[in-house]
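Commentary on secondary and tertiary structure
As a plain string of letters, each chain reads:
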Amino acid sequence: MSVQQIERAVLVGVIESSKDEGSMEELKALAETAGAYVVGVVTQRRKGIDSAHYIGKGKLEELKAFIEANQIDVVIVNDELSGSQIKNMEDILGVKIVDRTCLILDIFARRARTRESKLQVELAQLKYRLPRLVGLGGQLSRLGGGIGTRGPGETKLETDRRHIQDRIKAIEKKLSKIERHRNLYRQRRAKNRVPVISIVGYTNAGKSTLFNALTKAESYVEDKLFATLDTSARRLILPSGRQAILVDTVGFIRDLPHDLVEGFKSTLEEVRYSDLLLHVIDITSPDMDEKIRVVEKVLSELDAIDIPRLDVFNKIDLVETGSIVNNKRAIYVSAKTGIGLEALKEAIERQLTVEH
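Presented here is a report on the structure given in the accompanying data block. Counting restarts for each chain, with residues numbered from 1 along the sequence as it is written. The predicted origin of the model limits local features to residues at a pLDDT of at least 70 and limits the giving and counting of side-chain atom pairs to 80 or more, whereas totals for whole chains, interfaces and linings rest on all residues. The basis for every side-chain value is the complete set of heavy atoms in the structure, and neither hydrogens nor water enter the calculation.

1. Quick word on the overall build of the chain
For helices the rule is a DSSP run of H or I covering at least 4 residues; for strands it is a run of E covering at least 2, with both sets numbered from the N terminus onward. Scanning the chain from terminus to terminus reveals twelve helices and ten strands. Classification of the 356 residues of the chain by burial places 52% in the buried group. The contacts of the chain with a sequence gap of at least 6 include a subset with a gap of at least 24, amounting to 70%. Note on areas: Shrake-Rupley, 1.4 Å probe, and residue coverage restricted to the protein chains presented here. Accessible surface for the chain amounts to roughly 17000 Å². Of this, 47% is attributable to carbon and sulfur atoms. Per-residue accessibility, obtained with a 1.4 Å probe over protein chains only, is compared with the maximum for each type, and a residue is labelled buried under 20%, exposed over 50%, and partly exposed between these values. Contacts were defined at the residue level, with two residues in contact if any of their heavy atoms lie within 4.5 Å.

2. Section: the sheet that holds strand β8 (residues 276-282)
In this scheme, strands are said to pair when DSSP sees at least two bridges between them. Sheet architecture is open: six strands sit in the order β6-β7-β5-β8-β9-β10, paired in mixed fashion. Single-partner strands in this sheet number two, and they are β6 (232-237) and β10 (330-332). The sheet shows a mean angle of 30 degrees between the axes of neighbouring strands, taken without regard to direction. Where strand β5 (residues 196-201) and strand β7 (residues 243-248) come together, four bridges link them in parallel fashion. For Ser198, the partnering residue across the bridge sits in β7 and is Val247. In this fold helix α8 (residues 207-215) packs onto β5, β6, β7, β8 and β9 (309-314), with an angle of close to 155 degrees to the strand it touches most, β7. Strands β5, β8 and β9 of the sheet are contacted by helix α11 (residues 288-301), whose axis makes an angle of about 155 degrees with β8. Simply put, an axis is a line fit to the C-alpha atoms, just over the touching stretch for a helix, and the angle between two N-to-C directions goes from 0 to 180 degrees.

3. Quick word on the packing of aromatic side chains
Pairing of aromatic rings covers Phe, Tyr and the six-membered ring of Trp, with a centre-to-centre limit of 6.5 Å; geometry is then stacked below 30 degrees between planes, edge-to-face above 60, and tilted otherwise. Counted under the stated rule, the structure contains one aromatic pair. When the ring of Phe313 is compared with that of Tyr332, the centres are 5.3 Å apart and the planes differ by 20 degrees; the resulting orientation is stacked. A residue pair is termed long-range when its members are at least 10 positions apart, and Phe313 in strand β9 and Tyr332 in strand β10 qualify at 19 residues. Like Tyr332, Phe313 is buried.

4. Observations regarding the side chain of Gln44
Along the polypeptide, Gln44 turns up in strand β2 (residues 36-45). For Gln44, the residues in contact, after removing those within four places along its chain, are Gly13, Val14, Ile15, Ile55, Gly56 and Lys59.

5. Section: helix α4 (residues 100-111)
Take the number of residues in a helix, subtract one, and multiply by 1.5 Å to get its expected span. In this model, α4 (twelve residues) spans 17 Å end to end at C-alpha, consistent with the 16 Å of a helix rising 1.5 Å per residue. In terms of burial, α4 is a largely internal element, eleven of the twelve residues being buried. Those residues of α4 not exposed but buried are Arg100, Thr101, Cys102, Leu103, Ile104, Leu105, Asp106, Ile107, Phe108, Ala109 and Arg111.

6. Overview of the pairing of β7
Counted residue by residue, β7 has five buried out of six residues, so it is predominantly covered. Alignment of β6 against β7, held across six bridges, turns out to be antiparallel. What sits directly across from Ser232, in β7, is Asp248. In this antiparallel pair of consecutive strands, β6 and β7, the connection spans five residues, and Gly241 shows a positive phi of 100 degrees.

7. Description of a positive patch on the surface
Grouping into patches uses exposed residues only, defined as over 30% relative accessible area, and leaves out salt-bridged ones; the cut-off is 9 Å for like charges and 5 Å for nonpolar side chains (Val, Leu, Ile, Met, Phe, Trp, Tyr). We define a salt bridge as a contact between a side-chain nitrogen of Lys or Arg and a carboxyl oxygen of Asp or Glu at a distance within 4 Å. Positive charge is attributed to Lys and Arg, negative charge to Asp and Glu, and no charge count is given to His or to the chain ends. Where a charge sits is defined by one atom per residue type, namely NZ (Lys), CZ (Arg), CG (Asp) or CD (Glu). On the surface, Arg115, Lys174, Lys177 and Arg180 cluster together into a patch of positive charge. With three residues, helix α7 (residues 161-191) is the largest single contributor of residues to the positive patch. With respect to the helices and strands, the residue Arg115 is situated in helix α5 (residues 115-129). Since its relative accessible area comes to 53%, Arg115 is described here as exposed.

8. Quick notes on the sheet that holds strand β4 (residues 96-99)
Within the open sheet, the four strands sit side by side as β2-β1-β3-β4. Their pairing is parallel. Here the strands that pair on one side only, and so sit at the sheet edges, are β2 and β4. Each neighbouring strand pair of the sheet contributes to a mean axis angle of 25 degrees, computed without reference to strand direction. Relative to β4, strand β3 (residues 74-77) runs parallel, the two being bridged by four bridges. For Val74, the partnering residue across the bridge sits in β4 and is Lys96. Sitting on the sheet, helix α3 (residues 83-93) is in contact with β3 and β4, with an inclination near 145 degrees to β4.

Encoded structure:
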(Lines give C-alpha, C1' and ligand atoms only; values in the text may rest on other atoms or scores of the structure.)
Protein backbone atom coordinates (compact mmCIF):
# COMPACT_ATOMS: atom_id res chain seq x y z
CA MET A 1 0.00 0.00 0.00
CA SER A 2 1.46 3.36 -1.00
CA VAL A 3 1.75 6.26 1.43
CA GLN A 4 -0.99 8.14 -0.46
CA GLN A 5 -3.48 5.33 0.21
CA ILE A 6 -2.91 5.10 3.97
CA GLU A 7 -5.89 6.48 5.85
CA ARG A 8 -5.40 8.63 8.92
CA ALA A 9 -7.57 7.21 11.68
CA VAL A 10 -8.77 8.09 15.14
CA LEU A 11 -9.95 5.29 17.42
CA VAL A 12 -13.06 5.83 19.56
CA GLY A 13 -14.26 3.68 22.43
CA VAL A 14 -16.61 3.63 25.40
CA ILE A 15 -14.78 2.44 28.52
CA GLU A 16 -16.87 0.56 31.07
CA SER A 17 -14.13 -1.58 32.63
CA SER A 18 -10.38 -2.30 32.50
CA LYS A 19 -11.16 -5.03 29.94
CA ASP A 20 -12.28 -2.31 27.52
CA GLU A 21 -8.90 -0.58 27.85
CA GLY A 22 -7.16 -3.76 26.68
CA SER A 23 -9.68 -3.97 23.87
CA MET A 24 -8.63 -0.50 22.68
CA GLU A 25 -5.04 -1.73 22.33
CA GLU A 26 -6.32 -4.60 20.23
CA LEU A 27 -8.39 -2.18 18.13
CA LYS A 28 -5.18 -0.27 17.36
CA ALA A 29 -3.52 -3.50 16.19
CA LEU A 30 -6.58 -4.29 14.05
CA ALA A 31 -6.56 -0.79 12.51
CA GLU A 32 -2.87 -1.05 11.66
CA THR A 33 -3.41 -4.52 10.19
CA ALA A 34 -6.09 -2.98 7.95
CA GLY A 35 -3.56 -0.41 6.75
CA ALA A 36 -4.56 2.64 8.79
CA TYR A 37 -2.23 5.14 10.42
CA VAL A 38 -3.59 5.69 13.92
CA VAL A 39 -3.26 9.39 14.78
CA GLY A 40 -5.04 9.34 18.13
CA VAL A 41 -7.43 7.64 20.55
CA VAL A 42 -10.58 9.19 22.05
CA THR A 43 -12.35 7.34 24.88
CA GLN A 44 -15.29 8.11 27.17
CA ARG A 45 -16.02 6.46 30.50
CA ARG A 46 -19.75 5.84 30.71
CA LYS A 47 -22.26 3.10 31.46
CA GLY A 48 -23.31 1.79 28.07
CA ILE A 49 -23.14 3.37 24.64
CA ASP A 50 -25.34 6.24 23.44
CA SER A 51 -28.16 4.81 21.33
CA ALA A 52 -28.00 7.66 18.80
CA HIS A 53 -24.34 8.72 18.59
CA TYR A 54 -22.36 6.00 20.42
CA ILE A 55 -20.68 8.62 22.65
CA GLY A 56 -22.14 11.67 24.42
CA LYS A 57 -22.64 14.97 22.57
CA GLY A 58 -19.87 16.75 24.47
CA LYS A 59 -17.35 14.05 23.60
CA LEU A 60 -18.67 14.06 20.03
CA GLU A 61 -17.81 17.78 19.71
CA GLU A 62 -14.35 17.06 21.13
CA LEU A 63 -13.93 14.31 18.54
CA LYS A 64 -15.05 16.64 15.73
CA ALA A 65 -12.42 19.23 16.74
CA PHE A 66 -9.74 16.51 16.80
CA ILE A 67 -10.78 15.32 13.31
CA GLU A 68 -10.57 18.82 11.85
CA ALA A 69 -7.23 19.59 13.52
CA ASN A 70 -5.57 16.33 12.42
CA GLN A 71 -6.94 15.73 8.90
CA ILE A 72 -8.60 12.47 9.89
CA ASP A 73 -10.01 10.26 7.12
CA VAL A 74 -11.79 7.61 9.17
CA VAL A 75 -13.18 7.13 12.67
CA ILE A 76 -12.84 3.53 13.90
CA VAL A 77 -15.25 2.62 16.72
CA ASN A 78 -14.58 -0.18 19.20
CA ASP A 79 -18.12 -1.64 19.12
CA GLU A 80 -20.64 -2.79 16.55
CA LEU A 81 -22.90 0.07 15.46
CA SER A 82 -26.37 0.17 13.94
CA GLY A 83 -26.99 1.80 10.56
CA SER A 84 -28.60 4.82 12.24
CA GLN A 85 -25.64 5.30 14.61
CA ILE A 86 -23.24 5.24 11.66
CA LYS A 87 -25.37 7.76 9.74
CA ASN A 88 -25.77 10.08 12.76
CA MET A 89 -22.03 10.10 13.44
CA GLU A 90 -21.13 10.65 9.79
CA ASP A 91 -23.62 13.54 9.53
CA ILE A 92 -22.01 15.33 12.48
CA LEU A 93 -18.34 14.42 11.98
CA GLY A 94 -18.21 14.57 8.19
CA VAL A 95 -15.89 11.56 7.82
CA LYS A 96 -16.31 7.83 7.28
CA ILE A 97 -17.29 5.74 10.33
CA VAL A 98 -16.09 2.14 10.58
CA ASP A 99 -17.13 -0.06 13.51
CA ARG A 100 -15.16 -2.97 14.98
CA THR A 101 -17.14 -5.61 13.08
CA CYS A 102 -16.68 -3.85 9.75
CA LEU A 103 -12.96 -3.47 10.46
CA ILE A 104 -12.52 -7.20 11.14
CA LEU A 105 -14.51 -8.06 8.01
CA ASP A 106 -12.25 -5.72 6.04
CA ILE A 107 -9.13 -7.50 7.30
CA PHE A 108 -10.64 -10.85 6.38
CA ALA A 109 -11.42 -9.51 2.89
CA ARG A 110 -7.75 -8.52 2.49
CA ARG A 111 -6.48 -11.86 3.78
CA ALA A 112 -8.78 -14.26 1.92
CA ARG A 113 -6.89 -16.26 -0.69
CA THR A 114 -8.93 -19.33 -1.66
CA ARG A 115 -12.27 -19.32 -3.45
CA GLU A 116 -13.95 -20.71 -0.34
CA SER A 117 -12.60 -18.11 2.10
CA LYS A 118 -13.45 -15.29 -0.33
CA LEU A 119 -17.04 -16.55 -0.53
CA GLN A 120 -17.20 -16.91 3.26
CA VAL A 121 -15.99 -13.35 3.82
CA GLU A 122 -18.32 -11.92 1.19
CA LEU A 123 -21.25 -13.74 2.79
CA ALA A 124 -20.40 -12.24 6.19
CA GLN A 125 -20.02 -8.76 4.66
CA LEU A 126 -23.38 -8.97 2.92
CA LYS A 127 -25.15 -10.13 6.09
CA TYR A 128 -23.51 -7.29 8.01
CA ARG A 129 -24.48 -4.66 5.43
CA LEU A 130 -28.03 -5.80 4.72
CA PRO A 131 -29.61 -4.30 7.88
CA ARG A 132 -27.41 -1.19 7.58
CA LEU A 133 -28.28 -0.13 4.02
CA VAL A 134 -29.46 3.32 5.14
CA GLY A 135 -26.45 4.09 7.33
CA LEU A 136 -23.92 2.63 4.91
CA GLY A 137 -25.40 4.15 1.77
CA GLY A 138 -22.53 6.58 1.26
CA GLN A 139 -19.87 3.97 1.89
CA LEU A 140 -21.43 1.42 -0.47
CA SER A 141 -21.33 3.90 -3.33
CA ARG A 142 -17.57 4.47 -2.99
CA LEU A 143 -15.39 2.21 -5.12
CA GLY A 144 -12.13 1.23 -3.46
CA GLY A 145 -12.72 3.84 -0.79
CA GLY A 146 -10.32 2.36 1.77
CA ILE A 147 -11.07 0.58 5.03
CA GLY A 148 -14.58 -0.81 5.29
CA THR A 149 -15.35 -0.58 1.58
CA ARG A 150 -13.43 -3.62 0.31
CA GLY A 151 -15.25 -6.70 -0.86
CA PRO A 152 -13.66 -9.83 -2.33
CA GLY A 153 -14.69 -10.46 -5.92
CA GLU A 154 -17.06 -7.48 -6.09
CA THR A 155 -16.15 -3.97 -7.26
CA LYS A 156 -19.44 -2.53 -6.00
CA LEU A 157 -22.16 -3.74 -3.64
CA GLU A 158 -25.61 -2.75 -4.84
CA THR A 159 -27.75 -1.06 -2.24
CA ASP A 160 -30.83 -2.86 -3.46
CA ARG A 161 -31.99 -5.25 -0.72
CA ARG A 162 -33.29 -7.92 -3.08
CA HIS A 163 -30.02 -7.99 -5.00
CA ILE A 164 -28.08 -8.59 -1.76
CA GLN A 165 -30.50 -11.29 -0.61
CA ASP A 166 -30.19 -13.06 -3.97
CA ARG A 167 -26.39 -12.88 -3.72
CA ILE A 168 -26.50 -14.32 -0.18
CA LYS A 169 -28.56 -17.28 -1.42
CA ALA A 170 -26.17 -17.87 -4.33
CA ILE A 171 -23.10 -17.84 -2.05
CA GLU A 172 -24.75 -20.16 0.49
CA LYS A 173 -25.50 -22.60 -2.35
CA LYS A 174 -21.85 -22.57 -3.50
CA LEU A 175 -20.56 -23.00 0.07
CA SER A 176 -22.98 -25.88 0.62
CA LYS A 177 -21.48 -27.66 -2.40
CA ILE A 178 -17.94 -27.12 -1.06
CA GLU A 179 -19.05 -28.40 2.36
CA ARG A 180 -20.38 -31.62 0.81
CA HIS A 181 -16.95 -32.23 -0.75
CA ARG A 182 -15.32 -31.62 2.64
CA ASN A 183 -17.68 -34.08 4.32
CA LEU A 184 -16.77 -36.78 1.80
CA TYR A 185 -13.07 -36.14 2.45
CA ARG A 186 -13.73 -36.27 6.22
CA GLN A 187 -15.58 -39.59 5.89
CA ARG A 188 -12.69 -41.05 3.90
CA ARG A 189 -10.23 -40.03 6.62
CA ALA A 190 -12.46 -41.56 9.31
CA LYS A 191 -12.69 -44.81 7.32
CA ASN A 192 -8.89 -44.95 7.12
CA ARG A 193 -8.74 -44.26 10.90
CA VAL A 194 -6.34 -41.36 10.57
CA PRO A 195 -6.61 -39.18 13.69
CA VAL A 196 -7.20 -35.45 13.14
CA ILE A 197 -5.58 -32.80 15.36
CA SER A 198 -6.71 -29.18 15.01
CA ILE A 199 -4.68 -26.16 16.12
CA VAL A 200 -6.88 -23.46 17.64
CA GLY A 201 -6.14 -20.26 19.52
CA TYR A 202 -6.34 -16.51 19.69
CA THR A 203 -5.12 -14.69 16.59
CA ASN A 204 -1.37 -14.07 16.51
CA ALA A 205 -0.62 -16.64 19.24
CA GLY A 206 1.77 -18.48 16.91
CA LYS A 207 -0.52 -21.18 15.49
CA SER A 208 0.90 -21.13 11.95
CA THR A 209 4.48 -21.04 13.26
CA LEU A 210 3.74 -24.14 15.35
CA PHE A 211 1.99 -25.80 12.38
CA ASN A 212 5.07 -25.19 10.21
CA ALA A 213 7.47 -26.40 12.92
CA LEU A 214 5.59 -29.67 13.49
CA THR A 215 4.93 -30.54 9.84
CA LYS A 216 7.85 -28.84 8.06
CA ALA A 217 5.23 -26.97 6.04
CA GLU A 218 5.54 -23.43 4.73
CA SER A 219 2.27 -21.77 5.71
CA TYR A 220 2.28 -17.99 5.56
CA VAL A 221 3.44 -16.42 8.84
CA GLU A 222 3.36 -12.72 9.72
CA ASP A 223 3.36 -10.83 13.01
CA LYS A 224 -0.10 -9.41 12.37
CA LEU A 225 -3.64 -10.28 13.38
CA PHE A 226 -5.31 -12.84 11.09
CA ALA A 227 -2.20 -13.38 8.96
CA THR A 228 -3.79 -16.57 7.62
CA LEU A 229 -7.46 -17.39 7.04
CA ASP A 230 -7.40 -20.52 4.96
CA THR A 231 -7.44 -23.87 6.72
CA SER A 232 -4.31 -25.92 6.02
CA ALA A 233 -3.91 -29.66 6.62
CA ARG A 234 -0.63 -31.60 6.63
CA ARG A 235 0.61 -35.01 7.68
CA LEU A 236 2.18 -35.20 11.15
CA ILE A 237 4.59 -38.03 11.96
CA LEU A 238 4.49 -38.93 15.66
CA PRO A 239 7.47 -40.41 17.60
CA SER A 240 6.26 -44.01 17.11
CA GLY A 241 5.95 -43.48 13.36
CA ARG A 242 2.17 -43.23 13.58
CA GLN A 243 0.61 -40.69 11.22
CA ALA A 244 -2.00 -38.05 11.94
CA ILE A 245 -3.51 -35.09 10.11
CA LEU A 246 -2.65 -31.68 11.63
CA VAL A 247 -5.06 -28.85 10.74
CA ASP A 248 -4.31 -25.13 11.16
CA THR A 249 -7.44 -22.99 11.63
CA VAL A 250 -8.33 -19.29 11.54
CA GLY A 251 -7.53 -17.38 14.74
CA PHE A 252 -10.19 -16.28 17.20
CA ILE A 253 -10.62 -12.81 18.70
CA ARG A 254 -12.88 -11.21 21.30
CA ASP A 255 -16.21 -10.14 19.84
CA LEU A 256 -15.58 -12.13 16.67
CA PRO A 257 -18.48 -11.03 14.43
CA HIS A 258 -21.37 -13.51 14.55
CA ASP A 259 -21.83 -13.42 10.76
CA LEU A 260 -18.14 -14.24 10.36
CA VAL A 261 -18.44 -17.27 12.64
CA GLU A 262 -21.52 -18.32 10.66
CA GLY A 263 -19.78 -17.72 7.34
CA PHE A 264 -16.73 -19.74 8.35
CA LYS A 265 -18.75 -22.46 10.05
CA SER A 266 -18.07 -25.02 7.33
CA THR A 267 -14.33 -24.42 7.76
CA LEU A 268 -14.53 -24.32 11.55
CA GLU A 269 -16.56 -27.54 11.48
CA GLU A 270 -13.17 -29.22 11.04
CA VAL A 271 -12.56 -28.43 14.71
CA ARG A 272 -15.72 -30.30 15.77
CA TYR A 273 -14.61 -33.48 14.03
CA SER A 274 -11.12 -33.48 15.52
CA ASP A 275 -9.79 -36.20 17.79
CA LEU A 276 -7.62 -33.68 19.66
CA LEU A 277 -7.28 -29.90 19.88
CA LEU A 278 -4.04 -28.01 20.44
CA HIS A 279 -4.96 -24.70 22.06
CA VAL A 280 -2.00 -22.43 21.32
CA ILE A 281 -1.62 -19.70 23.96
CA ASP A 282 0.78 -16.74 23.85
CA ILE A 283 2.34 -16.93 27.31
CA THR A 284 3.78 -13.41 26.90
CA SER A 285 0.35 -11.79 26.46
CA PRO A 286 -0.60 -9.50 29.38
CA ASP A 287 -4.28 -10.50 29.05
CA MET A 288 -3.62 -14.20 28.49
CA ASP A 289 -6.44 -15.36 30.78
CA GLU A 290 -9.01 -13.23 28.92
CA LYS A 291 -7.84 -14.63 25.57
CA ILE A 292 -8.14 -18.19 26.91
CA ARG A 293 -11.74 -17.42 27.91
CA VAL A 294 -12.47 -16.02 24.42
CA VAL A 295 -11.17 -19.17 22.72
CA GLU A 296 -13.14 -21.42 25.07
CA LYS A 297 -16.28 -19.36 24.38
CA VAL A 298 -15.89 -19.83 20.60
CA LEU A 299 -15.21 -23.55 21.09
CA SER A 300 -18.45 -23.74 23.07
CA GLU A 301 -20.32 -22.01 20.23
CA LEU A 302 -18.89 -24.63 17.85
CA ASP A 303 -19.90 -27.49 20.20
CA ALA A 304 -16.23 -28.39 20.47
CA ILE A 305 -15.50 -27.56 24.11
CA ASP A 306 -15.63 -31.23 25.20
CA ILE A 307 -13.08 -32.45 22.66
CA PRO A 308 -9.81 -33.59 24.35
CA ARG A 309 -7.41 -30.67 24.42
CA LEU A 310 -3.78 -29.84 25.15
CA ASP A 311 -2.92 -26.28 26.20
CA VAL A 312 0.23 -25.35 24.29
CA PHE A 313 1.83 -22.32 25.93
CA ASN A 314 3.95 -20.78 23.16
CA LYS A 315 6.90 -18.32 23.25
CA ILE A 316 8.30 -19.92 26.42
CA ASP A 317 11.75 -18.67 25.36
CA LEU A 318 10.60 -15.09 26.09
CA VAL A 319 9.51 -15.51 29.74
CA GLU A 320 11.04 -16.37 33.12
CA THR A 321 10.37 -19.95 34.19
CA GLY A 322 8.71 -18.65 37.35
CA SER A 323 5.73 -17.45 35.29
CA ILE A 324 4.87 -20.96 34.11
CA VAL A 325 1.23 -21.84 34.72
CA ASN A 326 0.35 -25.00 36.68
CA ASN A 327 -1.94 -26.94 34.34
CA LYS A 328 -2.03 -30.72 33.94
CA ARG A 329 -2.92 -30.31 30.24
CA ALA A 330 -0.12 -27.78 29.68
CA ILE A 331 2.84 -28.19 27.34
CA TYR A 332 5.42 -25.39 27.10
CA VAL A 333 7.05 -24.72 23.74
CA SER A 334 8.72 -22.18 21.54
CA ALA A 335 7.48 -22.80 18.03
CA LYS A 336 10.12 -20.38 16.77
CA THR A 337 13.18 -22.01 18.43
CA GLY A 338 11.92 -25.59 18.67
CA ILE A 339 11.94 -25.81 22.47
CA GLY A 340 9.46 -28.43 23.71
CA LEU A 341 8.30 -29.67 20.29
CA GLU A 342 9.38 -33.27 20.87
CA ALA A 343 7.63 -33.25 24.27
CA LEU A 344 4.52 -31.93 22.52
CA LYS A 345 4.59 -34.75 19.95
CA GLU A 346 4.94 -37.29 22.76
CA ALA A 347 2.00 -35.70 24.62
CA ILE A 348 -0.09 -35.84 21.41
CA GLU A 349 0.70 -39.52 20.97
CA ARG A 350 -0.15 -40.31 24.60
CA GLN A 351 -3.47 -38.50 24.30
CA LEU A 352 -4.40 -40.26 21.06
CA THR A 353 -3.47 -43.63 22.61
CA VAL A 354 -5.77 -42.96 25.56
CA GLU A 355 -8.64 -42.09 23.21
CA HIS A 356 -8.16 -45.10 20.95
